Amino acid sequence: MSDTHSQLAFVRTEMLAQKEPPAKDKGAVKWVRTNLFSSWSNTILTLVAFYVIVKLIVSAGPWFANGLWDTNSLSECRAILDGARGACFSVLSERWQQLLFGIAYPSDQYWRPTLAFVIMLVAAAPVLFVKLPRILLVVTGLFPFVAYWLLWGGTFLTPLVSLIGVIAGYYAFKNVERFGFVLGLGAGVIVAAIVWKIGGALTASMDDVLALRAVASRDMGGYMLNMMLGVVCISLSLPIGIMLALGRQSHMPIIKGISVVFIEFIRGVPLITLLFVASVVLAYFFPPETNMDLILRVIIMITMFSSAYIAEVIRGGLAALPKGQYEAADSLGLDYAQAMRLIILPQALKISIPGIVNVAVGLFKDTTLVSVISMFDLVGMIRGPILASTEWNGVYWELYGFAALLFFVTCYSISQYSQWLERQLRTDHR
Amino acid sequence: MVDTTQMTVSDEVAISIEKMNKWYGQFHVLRDIDLTVYRGERIVIAGPSGSGKSTLIRCINALEEHQAGKIVVDGVHLTSDLKNIDAIRSEVGMCFQHFNLFPHLTILENCTLAPIWVRKIPKRQAEETAMHFLEKVKIPDQAHKYPGQLSGGQQQRVAIARSLCMKPRIMLFDEPTSALDPEMIKEVLDTMVELAEEGMTMLCVTHEMGFARQVANRVIFMDQGQIVEQNEPEEFFNNPQSERTKLFLSQILGH
Ligand SMILES: Nc1ncnc2c1ncn2[C@@H]1O[C@H](COP(=O)(O)OP(=O)(O)OP(=O)(O)O)[C@@H](O)[C@H]1O
Ligand SMILES: [Mg+2]
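From a predicted model like this one, the values you see are computed outputs, not experimental measurements.

## Focus on the overall build of chain B
The secondary structure content of chain B amounts to 9 helices and 10 strands. The C-alpha atoms of chain B give 18 Å as radius of gyration, which agrees with the globular expectation for 255 residues (18 Å, within 12%). Seen through its C-alpha atoms, chain B measures out along the principal axes to roughly 55 × 45 × 35 Å. Going through the 255 residues of chain B one by one, you find that 55% of them count as buried. Of all intrachain contacts in chain B linking residues separated by at least 6 positions in sequence, the fraction that spans at least 24 positions is 68%. Computed over 26 positive and 34 negative side-chain charges, the inter-centroid distance for chain B is 5 Å.

## Quick look at the state of the cysteines
All names here are of chain A. Taken as a whole, this structure holds 1 disulfide over all chains when the rule is applied. Covalent S-S linkage joins Cys 77 and Cys 88, the inter-sulfur distance amounting to 1.9 Å. Residues Cys 77 and Cys 88 are joined through a disulfide that is right-handed, its torsion about the S-S bond being 75°. Of the two residues, Cys 77 is situated in helix H4 (residues 74–81) and Cys 88 in the loop between H4 and helix H5 (90–101); the sequence distance between them amounts to 11 residues.

## Concerning helix H1 (residues 53–60) of chain B
Most of H1 of chain B is tucked away: 7 of the 8 residues are buried. Within H1 of chain B, burial applies to Lys 53, Thr 55, Leu 56, Ile 57, Arg 58, Cys 59 and Ile 60 of chain B.

## Focus: the sheet that holds strand S3 (residues 42–46) of chain B
Residue and element names in this part refer to chain B. Reading across from one edge, S6-S7-S8-S3-S9-S10 is the order of the 6 strands in this open sheet, with mixed pairing throughout. In this open sheet, the two edge strands, each paired with only one partner strand, are strand S6 (92–95) and strand S10 (226–231). Averaged over all pairs of adjacent strands, the angle between strand axes in this sheet comes to 20°, irrespective of strand direction. Sheet topology places S3 next to strand S8 (residues 201–205); 4 bridges connect them, and they run parallel. From the neighbouring strand, Ile 43 faces S8, where its bridge partner is Leu 203. Relative to the sheet, helix H2 (residues 82–91) contacts S6 and strand S7 (170–174), its axis offset from that of S6 by approximately 65°. On the sheet, helix H9 (residues 243–253) packs against S3, strand S9 (218–223) and S10 and is oriented at approximately 100° with respect to S9.

## Some words on the UniProt feature "domain: ABC transporter" (unreviewed entry) in chain B
The sites that UniProt annotates as "domain: ABC transporter" (unreviewed entry) are residues 15–249 of chain B. Between the end C-alpha atoms of residues 15–249 of chain B the distance is 27 Å, and the span holds 39% helix and 26% strand.

## Concerning the domain arrangement of chain A
Once the domains are mapped, chain A shows domain 1 (67–105 + 217–429) and domain 2 (154–212). Between the C-alpha centres of domain 1 of chain A and domain 2 of chain A there is a distance of 28 Å.

## Concerning the sheet that holds strand S5 (residues 76–77) of chain B
Paired through backbone hydrogen bonds, the strands of a sheet run either parallel or antiparallel to each other. Residue and element names in this part refer to chain B. Sheet architecture is open: 4 strands sit in the order S2-S1-S4-S5, paired in antiparallel fashion. Two strands lie at the open edges of the sheet, namely strand S2 (27–38) and S5, each paired on one side alone. Here H1 sits on the sheet and contacts strand S1 (13–24), S2 and strand S4 (68–73); the angle it forms with S1, its principal contact strand, is near 120°.

## With respect to the interface of chain A and chain B
If you look at the interface, chain A gives 21 residues, while chain B gives 25 residues. The largest share of the area that chain A buries against chain B comes from Ser 331, Leu 332 and Thr 427 of chain A, three residues that together contribute 29% of it. On the surface where chain A and chain B come into contact, there are 1 salt bridge. Ionic pairing is found between Glu 327 of chain A and Arg 58 of chain B, a salt bridge with its closest N-O pair at 2.7 Å. Put simply, chain A and chain B have 6 residue pairs in polar contact (both at pLDDT 80 or more) between them. Elements with a contribution of two residues or more to the side of chain A that touches chain B: helix H14 (323–331) and helix H15 (336–366) of chain A. A total of 8 residues in the side of chain A that touches chain B trace back to one element, the largest contributor, which is H14 of chain A. Considering only residue class, the side of chain A that touches chain B consists of 7 nonpolar, 8 polar and 6 charged.

## Section: the packing of aromatic side chains
If you walk through the whole model with that rule in mind, you get 18 aromatic pairs over all chains. Relative to Tyr 309 of chain A, the ring of Phe 305 of chain A lies with its centre 5.1 Å away and its plane at 50°, an arrangement referred to as tilted. You can see Phe 305 of chain A and its partner Tyr 309 of chain A sitting in helix H13 (residues 294–320), 4 residues apart, about one turn around the helix. Overall, the relative accessible area of 32% leaves Tyr 309 of chain A in the partly exposed class. Through pairs of rings, three or more aromatic residues link up here, namely Trp 63, Phe 64, Trp 69 and Phe 89 of chain A. One residue, Lys 22 of chain B, lies across the ring of Tyr 24 of chain B, its end atom 4.7 Å from the ring centre.

## A short note on the side chain of Arg 157 of chain B
Residue and element names in this part refer to chain B. Among the structural elements, Arg 157 can be located in helix H5 (residues 152–164). Residue classification places Arg 157 among the buried residues on the basis of a relative accessible area of 8%. Apart from residues lying up to four places away in sequence, Arg 157 is in contact with Val 137, Lys 138, Ile 139, Glu 187, Val 188 and Thr 191.

## What to know about the site of ligand 1
All names here are of chain B. As a matter of local geometry, ligand 1 sits amid Tyr 24, Phe 27, Val 29, Pro 48, Ser 49, Gly 50, Ser 51, Gly 52, Lys 53, Ser 54, Thr 55 and Glu 175. Contact distances for ligand 1 include 2.6 Å between an oxygen atom and a side-chain N or O atom of Ser 49. Within the side chain of Lys 53, one N or O atom sits 2.8 Å away from an oxygen atom of ligand 1. Burial of ligand 1 by the protein amounts to 59% of the accessible area it has alone, namely 630 Å². Of all the secondary-structure elements, those providing two or more residues to the shell around ligand 1 are S2 and H1. Residue classes in the shell around ligand 1 are distributed as 4 nonpolar, 6 polar and 2 charged.

## Quick word on the packing of helix H3 (residues 107–117) of chain B against H5 of chain B
Each pair of packed helices can be summarised by the angle the axes make with each other and by the distance between the axes. Residues and elements named next belong to chain B. The N-to-C vectors of H3 and H5 enclose an angle of 25°; their axes lie 8 Å apart at closest approach. Of the possible angle classes, the one that applies to H3 and H5 is roughly parallel. Where H3 crosses over H5, the two elements pack in a sense that is right-handed. Taken together, the residues of H5 that come into contact with H3 (itself represented by Ile 107, Asn 110 and Cys 111) are Val 158, Ala 161 and Arg 162. Class assignment for the residues of the contact of H3 with H5 results in 4 nonpolar, 1 polar and 1 charged.

## Thoughts on the side chain of Thr 55 of chain B
Residue and element names in this part refer to chain B. Topologically, Thr 55 is positioned in helix H1. Taking the relative accessible area as the measure of exposure, Thr 55 reaches 9% and is therefore buried. Each residue touching Thr 55, except ones within four places of it in the same chain, is listed here: Lys 22, Tyr 24, Val 29 and Leu 30.

## Let's talk about the nonpolar core
Within the largest apolar cluster, 88 residues are counted, with the highest numbers of intra-cluster contacts made by Met 220, Ile 295 and Ile 343 of chain A together with Ile 15, Ile 17, Ile 45 and Leu 203 of chain B. Element by element, the count of residues in this core is highest for H13 of chain A, at 11 residues. With residues up to four places along the chain from it excluded, the contact list for Ile 17 of chain B reads Ile 33, Asp 34, Leu 35, Leu 56, Ile 60, Lys 70 and Ile 71 of chain B. Counting residues in hydrophobic clusters, the runner-up holds 46 residues, among them Ala 130, Leu 150, Ala 161 and Leu 180 of chain B.

Analysis parameters
- Residues numbered from 1 in each chain as written.
- Chains lettered and ligands numbered in written order.
- Predicted model: local features only at pLDDT ≥ 70, side-chain atom pairs only at ≥ 80, totals over all residues.
- Heavy atoms only, no water.
- Helix = DSSP H or I, 4+ residues; strand = E, 2+ residues; numbered from the N terminus.
- Rg over C-alpha atoms; globule rule 2.2 N^0.38 Å.
- Buried < 20%, exposed > 50% of the residue type's maximum accessible area, 1.4 Å probe, protein only.
- Contact = heavy atoms within 4.5 Å.
- Lys, Arg positive; Asp, Glu negative; His and termini not counted.
- Charge placed at Lys NZ, Arg CZ, Asp CG, Glu CD.
- Disulfide = S-S within 2.5 Å.
- Pairing = 2+ DSSP bridges.
- Axes fitted to C-alpha atoms, helices over the stretch in contact; angles between N-to-C directions.
- UniProt positions renumbered as here; feature names shortened; annotations may be inferred.
- Domains from an automatic or database assignment.
- Buried area = accessible area lost by both parts, 1.4 Å probe.
- Salt bridge = Lys/Arg side-chain N within 4 Å of Asp/Glu carboxyl O.
- Polar contact = N/O pair within 3.5 Å; in protein donor to acceptor, adjacent residues only side chain to side chain.
- Nonpolar A, V, L, I, M, F, W, Y, C, P; charged D, E, K, R; others polar.
- Phe/Tyr/Trp six-rings, centres within 6.5 Å; stacked < 30°, edge-to-face > 60°.
- Lys NZ or Arg CZ within 6 Å of the ring centre and 35° of its normal.
- Near = heavy atom within 4 Å.
- Areas by Shrake-Rupley, 256 points an atom, 1.4 Å probe, with all protein chains shown as cover.
- Parallel < 35°, antiparallel > 145°, perpendicular 65-115°, else oblique.
- Left-handed = near helix turned anticlockwise from the far one by under 90°.
- Core = buried A, V, L, I, M, F, W, Y, C linked by side-chain atoms within 4.5 Å.

This is the structure in structure tokens:
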């Protein structure tokens, strides 16, 4: 071999084994150094933040520690504390039933909303976690009817008739669907309506078969009311939002027009206005004897409101999909419904999860706005009956802190779930 | 080298296009296209960028609508009637430049989706068919991965397998290799050659002139929305007639 080449040529004779990284690059010391004290400004910020945290603990700690749980009024709390800092949590222990169920729900019937809540968890599970056995979906399907019966009471025959109507309508739809989707839909609605009419007539005189004590809508309140509105409105506004988003993309001018006008109108109006419309104005549009339930009216308004927002979120997801996905679905011979259900929506919804959750969390918190139209939800209860009572007039921190905590726990769970779901669905390996 | 004489072309018409015209707004993309494709033919369509090659083959399975003229595929007249369109699409397979696999489904699910939902084939049977075609394109071991985990060449072969699972009688390819690295081009072309040997009717937009020489029985040259020249590959490459064709060939072959 010539000398000129020996300096450039190189052949590795043995491969290097993997080594541990140097000690200063790992462990707690490294973390503290890089995250808290990496520079002068960072060090100052760390010290300030540390000071604030300590200050908070020092001032709020005694307030919690001295908290009283078993007095009967605020004045009693003040007497016991005798000038010392301390919370008066007794309002929570004395009024927790009102905070959770409202002022007028019969107290010997509290098990009913509680049971409905537990069943709701079971019913939601198979929808939220795809890995659970599909048979649980039966619970999900039955839940609305059972929950209605549990919450409002009355004879079990009412929800039973509506359930039978829904099932009959579904079968009618299935059988007629092959002649056309719209025909199927029409047949389903007609059959369901007939069943409800006949069923209603048959059961009209059987008010006390399997009856629970009836509770009127105006007697519902507390956190239960927020839950009811939140759960119903979110589960209704998702499918409606999907339909609106697809409608807005439609090539059929009428469907597109309706969707656009609906979305733009609803988005342009404050929710509180819609709620006032629900509580006052809507009554003018219906014949006086119909007397539509107030909760139902509010549900309709909140659902319309949030479905418009969800539609826009999903439209963003649809727009983000490459055109090739639509073309591939088309070229395989999938029809519109199949392409949407199997190819487009799963991907578009996945992209839209953060936005949908954002709307859902916002909606859930917005249910407290019903306190403005004198419904006694959690905030309505606090603002109205509890703070107005002579015993507890002036207990702000404890009550609103409790309300904030309840909402925070619920909304944070929703947010955590959605992040988990996003990780589960991440299959594109970007 | 494939022995092209063995690949029989029958005199049964697979696709017939008569005086077909298409506009994008004011722009006249396809002008008086006349084309008859016989069963078993392997046709390569070439031409400069923007000449309307993609548009032509996309009209054949109604991904694009044509405004004038007549297209008959497999005896079915292509009108705006959705029934006819769906019937044609399930008989005509299509592969795209960018594969367009469904990223949220596994390879196997990509291949079984259309047979299950369009052909109403039981899942078990659809999976067997899918595995058969995945073996054919030589990636059965990737069946349970997601498209994002595969190389471009592998993805394109999955896309071919996905089309084949519908048992199409005609396959359309729109530049199937132009998004791929050179070493992957060969594996995709090999799959397509194999398909041709089995007598599949194929229309393929491609700039792979080697492929055209090897398997095509007809090369079509398009420019400005028109068919400028068509001939058997030998004649087309060695003895082009029109000036445009000569220019085009000198540009893509002459380096
Ligand atoms: N959706 C569209 N709207 C308007 N014009 C379009 C559209 N799609 C394509 N065109 C135009 O039609 C002409 C033909 O397009 P086409 O995609 O068929 O060309 P091509 O021969 O496939 O070109 P390439 O080799 O670049 O793929 C081009 O001039 C293009 O700009
Ligand atoms: Mg093209």
